[in-house]
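# Secondary and tertiary structure notes
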Amino acid sequence: ACFKVAKLENQPFVVRIGQLDVKVLGTYFDVIAYPADNTIETILLEGKVVVEREKTMGFSKDKVTMVPGQKASFNKETKHIGIITEPNITSAVAWIEGWFEFSDESLKSVFTKLERYYNIRIELSQDFYPGELITGKLDLKESLEEVLTALADVGKFAFREDNYTVYIDKKTDNSGRQ
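Residues numbered from 1 in each chain as written. Predicted model: local features only at pLDDT ≥ 70, side-chain atom pairs only at ≥ 80, totals over all residues. Heavy atoms only, no water.

Let us look at the overall build of the protein. Each helix and strand in the protein was counted, giving three helices and 14 strands. Relative to its 178 residues, the protein shows a buried fraction of 37%. Put simply, 46% of the contacts in the protein that link residues at least 6 apart link residues at least 24 apart. Carbon and sulfur atoms form 50% of the exposed surface of the protein, whose accessible area is close to 10,500 Å². (Helix = DSSP H or I, 4+ residues; strand = E, 2+ residues; numbered from the N terminus. Buried < 20%, exposed > 50% of the residue type's maximum accessible area, 1.4 Å probe, protein only. Contact = heavy atoms within 4.5 Å. Areas by Shrake-Rupley, 256 points an atom, 1.4 Å probe, with all protein chains shown as cover.)

Here it is in C-alpha coordinates:
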(Lines give C-alpha, C1' and ligand atoms only; values in the text may rest on other atoms or scores of the structure.)
Protein backbone atom coordinates (compact mmCIF):
# COMPACT_ATOMS: atom_id res chain seq x y z
CA ALA A 1 0.00 0.00 0.00
CA CYS A 2 1.14 3.53 -0.66
CA PHE A 3 0.06 6.37 1.63
CA LYS A 4 0.02 10.17 1.27
CA VAL A 5 -0.81 11.67 4.65
CA ALA A 6 -1.59 15.33 5.45
CA LYS A 7 0.35 16.80 8.36
CA LEU A 8 -1.64 17.13 11.61
CA GLU A 9 0.76 18.10 14.44
CA ASN A 10 -1.28 16.66 17.33
CA GLN A 11 -2.78 13.68 15.58
CA PRO A 12 -0.31 11.07 14.33
CA PHE A 13 -1.34 8.63 11.62
CA VAL A 14 -0.34 5.05 12.47
CA VAL A 15 -0.21 2.04 10.16
CA ARG A 16 -0.24 -1.10 12.33
CA ILE A 17 1.11 -4.25 10.65
CA GLY A 18 1.27 -7.18 13.05
CA GLN A 19 4.02 -6.35 15.56
CA LEU A 20 5.12 -3.22 13.70
CA ASP A 21 3.82 0.37 13.79
CA VAL A 22 4.67 3.05 11.23
CA LYS A 23 3.93 6.46 12.81
CA VAL A 24 3.45 9.36 10.43
CA LEU A 25 3.15 13.14 10.54
CA GLY A 26 2.54 14.32 6.98
CA THR A 27 4.44 12.20 4.51
CA TYR A 28 4.46 9.91 1.47
CA PHE A 29 5.54 6.30 1.98
CA ASP A 30 5.09 2.72 0.78
CA VAL A 31 4.53 -0.38 2.94
CA ILE A 32 5.21 -3.90 1.67
CA ALA A 33 3.68 -6.46 4.04
CA TYR A 34 2.59 -9.92 2.93
CA PRO A 35 1.91 -12.74 5.41
CA ALA A 36 4.09 -15.18 3.41
CA ASP A 37 7.14 -12.85 3.42
CA ASN A 38 9.75 -12.93 6.17
CA THR A 39 10.01 -9.13 6.20
CA ILE A 40 7.82 -6.03 6.35
CA GLU A 41 9.31 -3.11 4.45
CA THR A 42 8.64 0.62 4.54
CA ILE A 43 10.05 2.96 1.88
CA LEU A 44 9.92 6.69 2.60
CA LEU A 45 9.51 9.08 -0.33
CA GLU A 46 8.74 12.37 1.45
CA GLY A 47 8.54 13.62 5.04
CA LYS A 48 9.44 11.63 8.13
CA VAL A 49 8.19 8.41 9.75
CA VAL A 50 9.06 6.42 12.84
CA VAL A 51 9.03 2.63 12.45
CA GLU A 52 8.59 0.91 15.79
CA ARG A 53 8.32 -2.68 16.93
CA GLU A 54 5.97 -3.28 19.82
CA LYS A 55 7.46 -4.51 23.06
CA THR A 56 6.74 -8.22 23.47
CA MET A 57 7.98 -11.06 25.66
CA GLY A 58 10.50 -8.92 27.53
CA PHE A 59 12.20 -7.59 24.40
CA SER A 60 12.73 -3.86 24.29
CA LYS A 61 11.20 -1.83 21.49
CA ASP A 62 13.15 -1.27 18.29
CA LYS A 63 12.53 2.20 16.93
CA VAL A 64 14.02 3.93 13.88
CA THR A 65 13.32 7.34 12.40
CA MET A 66 13.45 7.42 8.63
CA VAL A 67 14.30 10.21 6.21
CA PRO A 68 13.33 10.32 2.51
CA GLY A 69 15.13 7.76 0.35
CA GLN A 70 15.43 5.14 3.08
CA LYS A 71 13.96 1.66 3.41
CA ALA A 72 13.30 0.01 6.77
CA SER A 73 13.02 -3.79 6.92
CA PHE A 74 11.51 -5.60 9.88
CA ASN A 75 12.56 -9.26 10.11
CA LYS A 76 9.61 -11.24 11.51
CA GLU A 77 11.86 -13.99 12.91
CA THR A 78 14.63 -11.95 14.56
CA LYS A 79 12.27 -9.04 15.36
CA HIS A 80 15.00 -6.63 14.21
CA ILE A 81 14.47 -3.44 12.21
CA GLY A 82 17.24 -2.59 9.74
CA ILE A 83 17.47 0.60 7.71
CA ILE A 84 19.27 1.26 4.41
CA THR A 85 19.34 3.94 1.76
CA GLU A 86 17.18 2.70 -1.12
CA PRO A 87 19.41 3.04 -4.21
CA ASN A 88 16.53 3.44 -6.70
CA ILE A 89 13.54 4.86 -4.89
CA THR A 90 11.55 5.46 -8.10
CA SER A 91 11.85 1.80 -9.13
CA ALA A 92 10.69 0.67 -5.69
CA VAL A 93 7.39 2.53 -6.01
CA ALA A 94 6.92 2.46 -9.81
CA TRP A 95 3.94 0.10 -9.33
CA ILE A 96 1.94 3.13 -8.11
CA GLU A 97 2.15 4.57 -11.64
CA GLY A 98 1.50 1.17 -13.26
CA TRP A 99 5.11 0.12 -13.95
CA PHE A 100 7.20 -2.68 -12.59
CA GLU A 101 10.93 -2.01 -12.81
CA PHE A 102 13.53 -4.57 -11.81
CA SER A 103 17.29 -4.85 -12.01
CA ASP A 104 19.16 -8.14 -11.61
CA GLU A 105 16.08 -9.71 -10.03
CA SER A 106 15.25 -13.40 -10.14
CA LEU A 107 12.42 -14.46 -12.41
CA LYS A 108 10.83 -16.17 -9.40
CA SER A 109 10.72 -12.81 -7.58
CA VAL A 110 9.18 -11.15 -10.64
CA PHE A 111 6.52 -13.90 -10.77
CA THR A 112 5.70 -13.34 -7.08
CA LYS A 113 5.17 -9.62 -7.67
CA LEU A 114 2.97 -10.29 -10.71
CA GLU A 115 0.88 -12.73 -8.66
CA ARG A 116 0.27 -10.03 -6.09
CA TYR A 117 -0.40 -7.23 -8.56
CA TYR A 118 -2.83 -9.17 -10.79
CA ASN A 119 -4.28 -11.35 -7.98
CA ILE A 120 -3.41 -14.59 -9.76
CA ARG A 121 -1.45 -17.75 -9.01
CA ILE A 122 1.64 -18.71 -11.00
CA GLU A 123 2.68 -22.35 -11.02
CA LEU A 124 6.08 -23.41 -12.37
CA SER A 125 6.58 -26.79 -14.02
CA GLN A 126 9.22 -29.05 -12.48
CA ASP A 127 11.53 -28.67 -15.47
CA PHE A 128 11.47 -24.85 -15.43
CA TYR A 129 14.18 -23.17 -13.34
CA PRO A 130 13.36 -19.49 -12.60
CA GLY A 131 16.74 -18.64 -11.03
CA GLU A 132 18.04 -16.50 -13.89
CA LEU A 133 18.48 -12.80 -13.05
CA ILE A 134 16.75 -10.36 -15.38
CA THR A 135 16.50 -6.59 -15.78
CA GLY A 136 13.63 -4.69 -17.35
CA LYS A 137 10.45 -2.67 -17.07
CA LEU A 138 6.88 -3.93 -17.48
CA ASP A 139 3.83 -1.79 -18.22
CA LEU A 140 1.26 -3.10 -15.72
CA LYS A 141 -1.50 -1.11 -17.43
CA GLU A 142 -1.34 -3.74 -20.17
CA SER A 143 -3.28 -6.99 -19.88
CA LEU A 144 -1.73 -9.88 -17.98
CA GLU A 145 -1.32 -11.75 -21.28
CA GLU A 146 0.62 -8.85 -22.82
CA VAL A 147 2.87 -8.54 -19.76
CA LEU A 148 3.55 -12.29 -19.70
CA THR A 149 4.25 -12.34 -23.45
CA ALA A 150 6.87 -9.59 -23.06
CA LEU A 151 8.39 -11.33 -20.05
CA ALA A 152 8.38 -14.73 -21.78
CA ASP A 153 10.61 -13.34 -24.54
CA VAL A 154 13.24 -12.35 -21.99
CA GLY A 155 12.74 -15.23 -19.54
CA LYS A 156 12.59 -17.92 -22.23
CA PHE A 157 9.46 -19.61 -20.97
CA ALA A 158 6.03 -20.59 -22.28
CA PHE A 159 2.80 -19.94 -20.41
CA ARG A 160 -0.89 -20.71 -20.45
CA GLU A 161 -3.69 -19.19 -18.40
CA ASP A 162 -6.57 -21.09 -16.85
CA ASN A 163 -9.02 -19.64 -14.32
CA TYR A 164 -6.76 -17.21 -12.39
CA THR A 165 -3.77 -19.55 -12.62
CA VAL A 166 -0.83 -19.14 -14.99
CA TYR A 167 1.22 -22.23 -15.77
CA ILE A 168 4.88 -21.65 -16.69
CA ASP A 169 7.00 -24.17 -18.59
CA LYS A 170 10.25 -24.28 -20.51
CA LYS A 171 9.96 -22.64 -23.91
CA THR A 172 9.50 -25.24 -26.65
CA ASP A 173 8.93 -23.03 -29.72
CA ASN A 174 9.22 -19.38 -30.79
CA SER A 175 6.06 -18.12 -29.10
CA GLY A 176 5.44 -17.55 -25.42
CA ARG A 177 1.94 -19.09 -25.54
CA GLN A 178 1.37 -22.81 -25.02
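On the basis of which strands lie adjacent, the open sheet formed by three strands has the order β11-β14-β13 and mixed pairing. Whereas interior strands pair on both sides, the edge strands pair on one side only; in this sheet they are β11 (121–124) and β13 (157–162). Going across the sheet, the axis of each strand differs from the next one's by a mean of 25 degrees, ignoring polarity. Relative to strand β14 (residues 165–170), β13 is paired through six bridges, and the arrangement is antiparallel. Counted as the bridge partner of Ala 158 is Asp 169 from β14. Strands β11, β13 and β14 of the sheet are contacted by helix α2 (residues 107–118), whose axis makes an angle of about 150 degrees with β11. In this fold helix α3 (residues 144–155) packs onto β13 and β14, with an angle of close to 160 degrees to the strand it touches most, β13. (Pairing = 2+ DSSP bridges. Axes fitted to C-alpha atoms, helices over the stretch in contact; angles between N-to-C directions.)

An ideal rise of 1.5 Å per residue puts 16 Å on 12 residues; α2 measures up with 16 Å between its terminal C-alpha atoms. Positive phi shows up at Asn 119, right after α2, with a value of about 55 degrees. (Expected span 1.5 Å × (residues − 1).)

Another point: the side chain of Ser 91. Its place among the elements puts Ser 91 in helix α1 (residues 89–92). Residue Ser 91 is classed as buried on the basis of its relative accessible area of 18%. Reaching out from Ser 91, the side chain makes a polar contact with the side chain of Glu 101 at a distance of 2.8 Å. (Polar contact = N/O pair within 3.5 Å; in protein donor to acceptor, adjacent residues only side chain to side chain.)

Applying the stated criterion to the full structure yields eight salt bridges. Two residues, Glu 52 and Lys 23, come together in a salt bridge whose shortest N-O distance is 2.9 Å. Within this pair, whereas Glu 52 is found in strand β6 (residues 49–53), its partner Lys 23 is found in strand β3 (residues 20–24), the two being separated by 29 residues in sequence. Glu 123 is paired through a salt bridge with Arg 121; the nearest N and O atoms lie 1.7 Å apart. Under the relative-accessibility criterion, Arg 121 is labelled partly exposed at 45%. (Salt bridge = Lys/Arg side-chain N within 4 Å of Asp/Glu carboxyl O.)

As far as function goes, none of this settles anything; it's purely spatial.
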